[in-house]
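The chain contents come next:
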Amino acid sequence: MTYVSPASPVGGPAGFTYAGIVVRAAHDAVVAALQELRYSGYVGPQEDEWVVLVPGRPHGAVAGSGRTSADLALELSTALAAPTLALLVENDRLLLAWAYASGEPLGEYVSDPTIARPWDDEASLEPEGSENAPAIAVAFGRPDLAESLEALLAEELGESTNESERMTALLRLLGMPDWLVASTSLPKDVPGGPRAKEMLKLGAGKEGVAGAVDNAVRGLVRKKK
């Protein structure tokens, strides 16, 4: 599947735009892998079997070597032999998702192909990728909810609903923390989620001032290019 470039936000009324990655692994192992990959963004605390990441930016590179959120999810899945789910919400009108298990792609998802591919006159309003729901449900330990997950992903949302609501339902079905939908409140406390002091912030894989400086330098280099 081909999607709109994440660097080109969808049009229409402004809504929330944010990204996240959910990993089923131990917090220390996740942090160690993120340091190796030079990740920039927030790392949530261990919540049952899950660790939630909120990249420093929803689009573009979020780790070394120009890795996007989807790239990073694949790298983490491979390094940790774990299932990972990368999510991107654009203006509350488009939901993109990439799922992996032990480095193997489980499928990609786009909630509205007409928004994702505005140049494609043949794009359908029907979501793409809902057929991957059974494999995703199994990999994330919720095989009994495969049908419910597929129905959720296949649904065409009405004018009174938005993609943050779909993502909340998705996270809850898979038993994942659902505070990601409120992550735009960072660096402050996340409503319904972790306190600010519980979040680890990395800059190019480093903590504290060193990470902030390194991340700022990388940003300047990107602008010059």
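The paragraphs below set out a description of the structure included in this document. Predicted, not measured: the structure shown is a model, and the values here were computed from it. (Residues numbered from 1 in each chain as written. Predicted model: local features only at pLDDT ≥ 70, side-chain atom pairs only at ≥ 80, totals over all residues. Heavy atoms only, no water.)

## Side note on helix α5 (residues 146-154)
Stage number 1. Turning to α5, its buried residues are Ala146, Leu149, Leu152 and Leu153. Projected down its long axis, α5 shows its buried positions confined to an angular sector of 130°, all on one face.
Stage number 2. Check the buried side of α5 and you find it contacts β6 (104-110), α4 (133-139) and α6 (163-173). (Buried < 20%, exposed > 50% of the residue type's maximum accessible area, 1.4 Å probe, protein only. Helix = DSSP H or I, 4+ residues; strand = E, 2+ residues; numbered from the N terminus. Arc of directions from axis to C-beta. Contact = heavy atoms within 4.5 Å.)

## Thoughts on the environment of Gly205
Stage number 1. With respect to the helices, strands and loops of the structure, Gly205 is situated in the loop between β7 (200-203) and β8 (206-207).
Stage number 2. Residue class for Gly205 comes out buried when judged on its relative accessible area of 8%.
Stage number 3. Distance from Gly205 to Ala32, taken between C-alpha atoms, is 8.8 Å for residues 173 residues apart in sequence.
Stage number 4. Excluding residues that lie within four positions of it along the chain, Gly205 makes contacts with Leu34, Gln35, Arg38 and Tyr39.

## Section: the sheet that holds β6
Stage number 1. Taken in spatial order, the 8 strands of this open sheet run β6-β5-β4-β1-β3-β2-β7-β8, and their pairing is antiparallel. Looking along the sheet, the strands with just one partner apiece sit at the ends: β6 and β8.
Stage number 2. Alignment of strand β5 (residues 94-101) against β6, held across 6 bridges, turns out to be antiparallel. Bridge pairing in β6 places Ala99 opposite Gly107.
Stage number 3. In this fold helix α2 (residues 69-80) packs onto β1 (18-24), β3 (50-55), β4 (83-90) and β5, with an angle of close to 170° to the strand it touches most, β4.
Stage number 4. Of the strands in this sheet, β1, β4, β5 and β6 touch α6, which is tilted by about 165° from β4. (Pairing = 2+ DSSP bridges. Axes fitted to C-alpha atoms, helices over the stretch in contact; angles between N-to-C directions.)

## Description of the nonpolar core
Stage number 1. In this structure, Leu85, Leu87, Phe140, Leu149, Met167, Leu174 and Met176 are the most contacted members of the largest nonpolar core, which totals 35 residues.
Stage number 2. If you list the elements that add at least two residues to this core, you get β1, β3, β4, β5, β6, α4, α5 and α6.
Stage number 3. The residues touching Met167, leaving out its near neighbours within four places in the chain, are Tyr18, Leu87, Val89, Leu95, Leu180 and Val181.
Stage number 4. Ranked by size, the runner-up nonpolar core spans 31 residues in total, among them Val31, Val43, Trp98 and Ile115. (Core = buried A, V, L, I, M, F, W, Y, C linked by side-chain atoms within 4.5 Å.)

## Structural notes on unusual backbone geometry
Stage number 1. Put simply, Leu186 and Pro187 share a cis peptide bond, and its omega is 15°.
Stage number 2. The residue Pro187 is located in the loop between α6 and β7 in this model.
Stage number 3. Unusually for a residue other than glycine, Arg38 sits at a positive phi of about 60°.
Stage number 4. Within the fold, Arg38 resides in the loop between α1 (27-37) and β2 (41-43).

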